[in-house]
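A structural walkthrough
Here is how the chains run, residue by residue.
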Amino acid sequence: MSRTILQVEDLHTSFYTRAGEVKAVDGVSFHVDEKETFGLVGESACGKTVTGLSLLRLLPEPAGRIVGGKIILNGRNILELSKKEMRAVRGKEISMILQDPMTSLNPVYTVGNQIAESIKLHQGLRDEKVTDEVISALRLLKIPAPESRIRDYPFQMSGGMRQRVVGAIAMSCRPNLLIADEPTTALDATIQAQYIALFQDIQRTTNVGILFITHDFGVVAKMCHRVGVMYAGRIVETATTSKIFKDPRHPYTVALINSVPRLEEKNKRLFSIEGQPPSLLNLPPGCRFAARCDKVMDKCREQQPPEVDIGDGHLVSCWKVK
Ligand code: SF4
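All values reported here derive from a predicted model rather than from experimental measurement.

1. Considerations on the overall build of the protein chain
- The helix and strand inventory of the protein chain stands at 12 helices and 12 strands.
- In terms of C-alpha radius of gyration, the protein chain reaches 21 Å, essentially the compact-globule figure of 20 Å for 322 residues.
- Each principal axis of the C-alpha atoms in the protein chain carries an extent, and together these give about 70 × 50 × 45 Å.
- Expressed as a percentage of its 322 residues, the buried residues of the protein chain come to 40%.

Below is the structure:
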């Protein structure tokens, strides 16, 4: 049985604005095991990225704050760590790949220097040993001729290679958990497929657990073992990837899967979910999907549905599901 690396319990993260409290993450729970990829999927602004930033405790302060819950990483609640202790955790036990490599890489430093930074900080190595580790990180991400590429600047590399460098920085200290926030969105389809295959390979050799944040169900199908579907700050359905595709039970999951374009349905109009998610400043008392749901009942508008386990860890929050 695989070890659980990350256990998130009833996490609440809010932003305090002039207009009021924005409940960006409102009672989210999930876990990620060693060698497992857990996908967090949902529309823009549903709370996926804020969940990732909360795990790293990198919220824009003072507006953004974790107001409740537990984040248990490698057996300890990291919400109880001091800022100094947390700095030692980032990069070493948990790291993150962001969507756009051009904004995550510094244009005036060589890629070698940028990878070396976290190796020096977390492993306390110096000189040739740092260079050896940088080369090994570039090799892990299958960057050709790593001995010479460490002297390249980001602008000398293609978009796909730059995204691999971002991956090399994240993996340089061999973290237990990697948060990948839409890492393939800026890549074309061929490079995207290579990047996914590369991370599956890295996972086999390093045992890293991956939290994969995406809005793309196609990527989820290729990359994830289990999935949590997020809507308006909450996870509404969690299951293995095959169950989510074969037997989705929450009406929002069904609608999201129906929105994926299919090659065999060329002449059909694309399906879209009518309406907008509720404002996170002013959430409704009942089910958050009620205003857009074709199965809505009176009860849905009054009370929030509880999370129900319908078997084998398939969790659904919907009054229609028993
Ligand atoms: S609880 Fe009601 S409104 Fe919400 S998803 Fe289920 S059926 Fe639809």
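2. Digging into the domain arrangement of the protein chain
- On domain assignment, one finds that the protein chain holds domain 1 (4-93 + 175-316) and domain 2 (102-174).
- Spacing between the C-alpha centres of domain 1 and domain 2 amounts to 29 Å.
- The interface of domain 1 with domain 2 comprises 12 residues on the first partner and 13 residues on the second.
- Here the element with the most residues in the side of domain 1 that touches domain 2 is helix α8 (residues 189-206); it accounts for five residues.
- Per-class residue counts for the side of domain 1 that touches domain 2 are nine nonpolar, two polar and one charged.

3. Focus on the site of the ligand
- Around the ligand, 14 residues are found, and the nearest of them are Cys287, Ala290, Cys293, Cys300 and Cys318.
- Of the residues that constitute the shell around the ligand, the class distribution is 11 nonpolar, one polar and two charged.

4. Overview of the pairing of strand β6 (residues 94-97)
- Neither face of β6 is left uncovered, since the one carrying Ile94 and Met96 and the one carrying Ser95 and Ile97 both have all their residues buried.
- Pairing geometry for β6 and strand β7 (residues 177-181), over four bridges, is parallel. Bridge assignment links Ser95 to a residue of β7, and that residue is Leu178.

5. Some remarks on helix α5 (residues 127-140)
- With 14 residues, α5 should reach 20 Å at 1.5 Å per residue; the first-to-last C-alpha distance of 20 Å fits that figure.
- The inward-facing, buried residues of α5 contact α4 (111-123), α6 (146-149), α7 (159-171) and α8.
- One or two residues past the end of α5 sits Lys142, with phi positive at roughly 55°.

6. Let's talk about the nonpolar core
- Membership of the largest hydrophobic core comes to 74 residues, with the highest contact counts inside it found for Ala168, Leu177, Leu211 and Val229.
- For this core, the element with the most residues is α7, which contributes six residues.
- Counting contributing residues, this core receives three or more from each of domain 1 (4-93 + 175-316) and domain 2 (102-174).
- Excluding anything up to four places from it in sequence, Leu211 contacts Val32, Phe38, Leu40, Gly52, Leu177 and Ile179.

7. Side note on unusual backbone geometry
- Following Glu61, the chain continues into Pro62 via a peptide bond in cis, with omega recorded as 5°.
- Structurally, the position occupied by Pro62 is in the loop between α1 (48-56) and β4 (64-73).
- Phi is positive for Lys35, close to 65°, though the residue is something other than glycine.
- Here Lys35 shows up in the loop between β2 (20-33) and β3 (37-41).
- Positive phi, close to 45°, is recorded for Glu182, a residue that is not glycine.
- Mapping Glu182 onto the fold places it in the loop between β7 and α8.

8. A few points about the packing of α4 against α5
- Between α4 and α5, the least distance of the axes is 9 Å, while the angle of their chain directions is 120°. Between α4 and α5 lies a crossing of right-handed hand. Residues Gly112, Ile115, Ala116, Ile119, Lys120 and Gln123 of α4 form the contact with α5, whose participating residues are Val130, Glu133, Val134 and Ala137.

9. A few points about the sheet that holds strand β5 (residues 76-77)
- Ordered by their spatial adjacency, four strands build an open sheet running β2-β1-β4-β5, and the pairing between neighbours is antiparallel. Every interior strand has two partners, whereas the edge strands, β2 and β5, have only one.
- With 11 bridges connecting them, strand β1 (residues 4-17) and β2 associate as antiparallel partners. Across the sheet, the residue bridging to His12 is Asp26, located in β2.
- Most of the contacts of α1 go to β2, to which it runs at about 70°, and overall it touches β1, β2 and β4.

Scoring rules and cut-offs
Residue numbers restart at each chain and count upward from 1, following the sequence in its written direction. For this predicted model, a pLDDT threshold of at least 70 governs which residues receive local features, and a threshold of 80 or more governs which side-chain atom pairs are given and counted, while totals over whole chains, interfaces and linings are taken from all residues. Numbering goes from the N terminus for both helices and strands, where a helix is a DSSP run of H or I of at least four residues and a strand is a run of E of at least two. Two things to know: the radius of gyration comes from C-alpha atoms, and the globule rule equals 2.2 Å times the number of residues to the power 0.38. Labels follow a simple rule on C-beta atoms placed from the backbone: if 20 or more others lie within 10 Å of a residue's own, it is buried; if 12 or fewer, it is exposed; otherwise it is partly exposed. Note: domain ranges come from an automatic or database domain assignment. Remark: residues whose backbone-derived C-beta atoms lie within 7 Å of one another are considered to be in contact. Lys, Arg, Asp and Glu make up the charged group, whereas Ala, Val, Leu, Ile, Met, Phe, Trp, Tyr, Cys and Pro make up the nonpolar group; the residues left over, Gly among them, are polar. Should the C-beta atom of a residue, placed from the backbone, lie within 6 Å of a molecule or strand, that residue is near it. A pair of strands counts as paired when DSSP detects no fewer than two bridges linking them. One fewer than the residue count of a helix, multiplied by 1.5 Å, yields its expected span. For our purposes the nonpolar core covers buried Ala, Val, Leu, Ile, Met, Phe, Trp, Tyr and Cys residues that link as a set through C-beta atoms within 7 Å. Axis definition: a line fitted to C-alpha atoms, limited for helices to the stretch in contact. Angles are taken between N-to-C directions and run from 0 to 180 degrees. Each crossing gets its hand from how the near helix is turned against the far one by less than a right angle, where anticlockwise is left-handed and clockwise is right-handed.

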